[in-house]
Amino acid sequence: MVYRILELKNLKTSFFTKAGEVEAVRGISFHVDKGEAIGIVGESGSGKSVTALSIMKLLQPPGKITGGQILFKNKNLVEIPNKEMRHIRGNEMSIIFQDPTMSLNPVFTVGNQIMEAILNHQKISKKEARAKAIEILRLAGIPSAEKRLNDYPHEFSGGMRQRVIIGMALSCEPDILIADEPTTALDTTIQAQILKLMRDLKNRWGTSIIFITHDLGVAADFCSRIIVMYDGLIMEEGPVKSIFFDSKHPYTRGLIESIPGVIQKGRKKRLVSINGISPDLFSSHVGCPFMPRCDFAMKICKEKQPPYFDAGEGHRSKCWLLHGEAPKKAPWVKRRCADGNR
Ligand code: SF4
């Protein structure tokens, strides 16, 4: 039976600045099943990382969760005390960031830091923690693991440091790992190594993963489901195959066409970029947020924010093009009526 480990219900997060409230996440809902890897993709400022920090309750003022629920193993994290959340972080939920140097202290050896992380979360002896630290380095593919335990972070390459962090994050066998752009700063070869390591460790421990990236191609390679975010909202969500080969939203379409070398229907497409710039943080929320950049915008797009239209098999899209009465402006969209019928 599928176990729903995490569920967000209408989550809202804002930043309260001197210039006013910035609604960074504007009511998003999605779930993650046990052992599943889902991808959250979108440009900078789309709300992906704020979503991650909200789930982990690591938001710093002036950021604040303003509404909704984060159900983790049926417990609403929005309401639990900080002490309980600290226990959940590290033991049951972990997060890794783009820059591994942020997570490793330059003045302590790597071995010291791995052992400390283990001892903080597991009741085992120092000797056992040392053996486990060596195992983590081995699993992370670090050669001469026992010797490297005594090295400092600067003696590891960027890719090695990120592999150590991933090994550390997964060694406590969390139920869920949030990886926020873990491969962005790395070259393609190292990126492939990191993805392989995450896949191996996920399979070994059955960890659920939320993989946050601006790169739809990487997400498609790693995840079974994709969530596309724009302006703090989910624009489209669905299984990788239907998002990639049957996308219903012009923004997703733009992301796919901007992947170098993407092949659609058997032939390579010309690289296309998405027109315009990301939305103004203080913009009004009337109509579709993607409208100023959309080649298919209609009158209704300016007046009313689209609801989610069901595209079948867990695929939904927030775009008026799927409305049964919308004029046929985008030939690639197979439309559905608001009630879900084609
Ligand atoms: Fe474009 Fe309208 Fe769809 Fe928004 S709702 S993505 S403006 S067609």
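The structure we're discussing is the one just above.
The following refers to the structure shown. (Residues numbered from 1 in each chain as written. Predicted model: local features only at pLDDT ≥ 70, side-chain atom pairs only at ≥ 80, totals over all residues. Heavy atoms only, no water.)

### Brief notes about the sheet that holds strand 13 (residues 309–312)
Logical step 1: The 8 strands lie next to each other as 6-7-8-3-9-10-14-13, forming an open sheet whose pairing is mixed. The open sheet has two edge strands with one neighbour each: strand 6 (93–96) and strand 13. Taking each pair of neighbouring strands and ignoring which way they run, the sheet shows an average axis angle of 20°.
Logical step 2: Across the sheet, helix 1 (residues 48–56) is in contact with strand 3 (37–41), strand 6, strand 7 (176–180), strand 8 (208–213) and strand 9 (225–230); its angle to strand 6 comes to roughly 145°. (Pairing = 2+ DSSP bridges. Helix = DSSP H or I, 4+ residues; strand = E, 2+ residues; numbered from the N terminus. Axes fitted to C-alpha atoms, helices over the stretch in contact; angles between N-to-C directions. Contact = heavy atoms within 4.5 Å.)

### Side note on the pattern of salt bridges
Logical step 1: Applying the stated criterion across every chain yields a total of 17 salt bridges.
Logical step 2: Across the pair Glu146 and Arg130 runs a salt bridge whose closest N-O atoms are separated by 3.6 Å. In this pair, Glu146 sits in helix 5 (residues 145–148) while Arg130 sits in helix 4 (residues 126–139), placing the two residues 16 residues apart along the sequence.
Logical step 3: According to the relative accessible area criterion, Glu146 is partly exposed, its value standing at 44%.
Logical step 4: In this structure Arg130 comes out as partly exposed when scored by relative accessible area, which is 31%.
Logical step 5: The network of salt bridges with shared partners includes Glu36, Arg225, Glu237 and Arg316. (Salt bridge = Lys/Arg side-chain N within 4 Å of Asp/Glu carboxyl O. Buried < 20%, exposed > 50% of the residue type's maximum accessible area, 1.4 Å probe, protein only.)

### Looking at the sheet that holds strand 4 (residues 63–72)
Logical step 1: The sheet built from 4 strands is open, its strands ordered 2-1-4-5 with antiparallel pairing. Each end of this open sheet is capped by a strand with a single partner; those strands are strand 2 (20–33) and strand 5 (75–76).
Logical step 2: For strand 1 (residues 4–17) and strand 4, the ladder comprises 8 bridges, and the chain directions are antiparallel. Paired with Leu8 across the bridge in strand 4 is Ile70.
Logical step 3: Where helix 1 meets the sheet, its contacts fall on strand 1, strand 2 and strand 4, and the angle it forms with strand 1 comes to roughly 110°.

### Regarding the site of the ligand
Logical step 1: In the vicinity of the ligand, 13 residues are found, and the nearest of them are Cys288, Cys294, Cys301, Cys319 and Trp320.
Logical step 2: Its residues assigned to classes, the shell around the ligand shows 12 nonpolar, 1 polar and no charged. (Near = heavy atom within 4 Å. Nonpolar A, V, L, I, M, F, W, Y, C, P; charged D, E, K, R; others polar.)

### Things to note about the nonpolar core
Logical step 1: Judged by nonpolar contacts, the single largest core of 37 residues is most densely connected at Ile114, Leu137, Val164, Ile166, Met198, Phe211 and Phe222.
Logical step 2: For this core, the secondary-structure elements that each account for two or more residues are helix 3 (110–121), helix 4, helix 6 (158–171), strand 7, helix 7 (188–205), strand 8 and helix 8 (216–222).
Logical step 3: Broken down by element, this core gets its largest block of residues, 7 residues, from helix 6.
Logical step 4: Beyond its immediate chain neighbours, meaning those up to four positions away, Ile166 contacts Ile96, Ile194, Leu197, Met198 and Leu201. (Core = buried A, V, L, I, M, F, W, Y, C linked by side-chain atoms within 4.5 Å.)

### Concerning the environment of Leu77
Logical step 1: With respect to the helices and strands, Leu77 occurs in the loop between strand 5 and helix 2 (82–91).
Logical step 2: Relative accessible area serves as the criterion here: at 0%, Leu77 is assigned to the buried category.
Logical step 3: Residues Leu77 and Cys319, 242 residues apart in the sequence, show an inter-C-alpha distance of 31 Å.
Logical step 4: In contact with Leu77, not counting residues within four places along its chain, are Ile55, Lys57, Ile70, Phe72, Met85, Ile88 and Met93.

### With respect to helix 7
Logical step 1: Relative to the 26 Å expected for 18 residues at 1.5 Å per residue, helix 7 spans 26 Å between its end C-alpha atoms, a close match to the ideal helical length.
Logical step 2: Every buried residue of helix 7 is accounted for by Gln191, Ile194, Leu195, Leu197, Met198, Leu201 and Lys202. Buried positions in helix 7, seen along its axis, are confined to an arc of 160° and lie on one side of it. Residues Thr189, Lys196 and Asn203 are exposed on helix 7 and point more than 90 degrees away from its buried face.
Logical step 3: Looking at the buried positions of helix 7, the neighbouring elements they touch are strand 3, helix 4, helix 6, strand 7, strand 8 and helix 8. (Expected span 1.5 Å × (residues − 1). Arc of directions from axis to C-beta.)

### Notes on the environment of Tyr251
Logical step 1: The topology assignment puts Tyr251 in helix 10 (residues 250–257).
Logical step 2: The exposure class of Tyr251 is buried, given its relative accessible area of 0%.
Logical step 3: As a C-alpha pair, Tyr251 and His87 span 164 residues in sequence and 39 Å in three-dimensional space.
Logical step 4: With sequence-adjacent residues up to four places away left out, Tyr251 is seen in contact with Gly42, Glu43, Val228, Met229, Tyr230, Met235, Ile274 and Phe290.

### Observations regarding the packing of aromatic side chains
Logical step 1: Across all of its chains, the model carries 6 aromatic pairs by this definition.
Logical step 2: Each ring, one from Phe211 and one from Phe222, has its centre 5.1 Å from the other, and the planes form 35°; the classification is tilted. Linking Phe211 in strand 8 with Phe222 in helix 8, this pair joins segments that are 11 residues apart in sequence.
Logical step 3: The side chain of Arg148 reaches across the aromatic face of Phe156, ending 4.3 Å from its centre.
Logical step 4: Over the aromatic face of Tyr308 sits the side chain of Arg316, whose NZ or CZ is 4.3 Å from the ring centroid. (Phe/Tyr/Trp six-rings, centres within 6.5 Å; stacked < 30°, edge-to-face > 60°. Lys NZ or Arg CZ within 6 Å of the ring centre and 35° of its normal.)

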